[in-house]
Amino acid sequence: MSRFKKFEEKLENIFEKAFTRALRKKIEPLELANELEKKIEETAVTDVKIPYTANVYNIFISRADYLLLKPYLNELQAELESFVDRKAEEIGVVLLGKPEVRFKIDTSVKTGEIRIIPQVKKDEAGVGTESADLESTRIIPVSDAKKFNLQVPVAVLEDLATGKRYQVFRFPFRIGRMEANDVILDDPTVSRFHAEIYREGKHFYIRDLGSTNGTFVNGKELRVKRLNPNDIISCGNSKLRWIPSE
């Protein structure tokens with residue numbers, strides 16, 4: 001069973017309990033998840049070295065819906081916050097702080113409807129916490145991430161075919177077809193354990209792990225090679241762009 005399917009079933013259970021005997025239009029859990037997913041994707045900033053997005057999502061609902069959901073809000077918020085965290089990882093972006101989902105009453109929202117507004121909330125770092133609507137406030141630059149206790153990857157590997165981004169936090173960072181790798185490529189021309197990236201001091205290197213079809217950087221086959229920003233790594237038919245954060 002897929003992770004999204006399990007999540008969907010948990011939401012269905014929460015909403016079924018909340019709306020039992022409610023003889024009127026109700027909020028659909030799948031619609032809520034879909035709208036939240038859209039907001040995460042729409043607010044993601046990808047034209048920087050380390051892509052990032054908002055971490056707080058305010059969900060506005062009617063007073064009647066809020067009262068029905070109130071006994072289950074803690075459980076529901078926890079599930080949705082886990083969903084935000086997983087979705088951010090899936091699309092290769094960094095959350096600007098701990099994920100938070102908040103339900104709020106809005107008298108202008110009709111029964112059964114939802115409105116979601118994302119926000120950026122800095123983690124506390126001795127200077128207090130600030131919060132602002134994403135639409136009206138400049139997002140925290142990646143260069144300032146350490147000031148707010150954010151875990152920022154040292155680099156990103158971008159799959160040029162799919163656009164998916166893999167965040168690099170630790171080494172060695174392995175590429176291959178098996179699930180034990182950090183980057184799993186569904187490509188029959190890629191070996192089970194194809195290549196790995198490691199660090200020595202301030203420099204990053206890639207080495208071939210005895211793959212069948214070899215590992216290439218910018219079209220040149222290698223055994224071991226130092227990586228430079230925007231190098232194109234080829235494993236089989238798959239191409240990955242190396243994007244260090246510094």
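If you're wondering where the values come from, they're calculated on a predicted model, not measured in any experiment.

A. Fine view of the overall build of the chain. Assigned secondary structure in the chain consists of 4 helices and 17 strands. Counting every position in the chain, which comprises 246 residues, the buried fraction comes to 45%. For the chain, the share of sequence-separated contacts (at least 6 apart) that also reach a separation of at least 24 residues comes to 54%. On the chain, roughly 13,500 Å² of surface is accessible, and the fraction owed to carbon and sulfur atoms is 46%.

B. Here's a closer look at the environment of E31. Residue placement: E31 occurs in helix 2 (residues 29–42). Given the relative accessible area of 37%, E31 is considered partly exposed. Placed 83 residues apart in sequence, E31 and I114 show a C-alpha to C-alpha distance of 9.1 Å.

C. Geometry of the sheet that holds strand 7 (residues 155–159). Overall, antiparallel pairing links the 6 strands, which are arranged 8-7-17-16-13-14 in an open sheet. One side of each edge strand has no neighbouring strand; the edge strands of this open sheet are strand 8 (165–168) and strand 14 (220–222). The average angle at which neighbouring strand axes cross in this sheet is 30 degrees, direction not considered.

D. Spatial organisation of the confidence of the model for the chain. On average, residues of the chain score 80 in pLDDT, and 78% of them reach the 70 mark or higher. Scored below 50 in pLDDT, residues 123–142 makes 45 contacts in the model with residues more than four places away or belonging to other chains. pLDDT under 50 marks residues 145–150. Its contacts with residues more than four places away, or in other chains, come to 15 contacts.

E. Up close: the sheet that holds strand 11 (residues 195–200). Reading across from one edge, 10-9-11-12-15 is the order of the 5 strands in this open sheet, with mixed pairing throughout. Every other strand in the sheet has two partners, leaving strand 10 (183–184) and strand 15 (224–226) as the edge strands with one partner each. Relative to strand 15, strand 12 (residues 203–208) runs antiparallel, the two being bridged by 3 bridges. Of the residues in strand 15, the one forming a bridge with R207 is V224.

F. Region of the structure containing unusual backbone geometry. Look at the link from F171 to P172: it is a cis peptide, with omega at -5 degrees. Inspection of the secondary structure assignment puts P172 in the loop between strand 8 and strand 9 (173–176). Of note in the backbone geometry, N218 takes a positive phi value of approximately 55 degrees without being a glycine. Mapped onto the elements, N218 comes out in the loop between strand 13 (215–217) and strand 14. N218 sits in the partly exposed class, given a relative accessible area of 45%.

G. Expanded view of the environment of N74. By the secondary structure assignment, N74 is in helix 4 (residues 73–91). Separated by 27 residues in sequence, N74 and V101 have C-alpha atoms that sit 10.0 Å apart.

H. Main features of the pattern of salt bridges. According to the stated counting rule, one finds 11 salt bridges in the structure shown. For E41, the salt bridge identified is with K87, shortest N-O distance 2.9 Å. Placement of the pair is E41 in helix 2 and K87 in helix 4, with a sequence separation of 46 residues. Residue E100 is joined to R102 by a salt bridge in which the shortest nitrogen-to-oxygen separation is 3.0 Å. Overall, E100 belongs to the buried group, its relative accessible area being 18%.

Each value, and the rule that gives it
Residues numbered from 1 in each chain as written. Predicted model: local features only at pLDDT ≥ 70, side-chain atom pairs only at ≥ 80, totals over all residues. Heavy atoms only, no water. Helix = DSSP H or I, 4+ residues; strand = E, 2+ residues; numbered from the N terminus. Buried < 20%, exposed > 50% of the residue type's maximum accessible area, 1.4 Å probe, protein only. Contact = heavy atoms within 4.5 Å. Areas by Shrake-Rupley, 256 points an atom, 1.4 Å probe, with all protein chains shown as cover. Pairing = 2+ DSSP bridges. Axes fitted to C-alpha atoms, helices over the stretch in contact; angles between N-to-C directions. pLDDT = per-residue confidence, 0-100. Salt bridge = Lys/Arg side-chain N within 4 Å of Asp/Glu carboxyl O.

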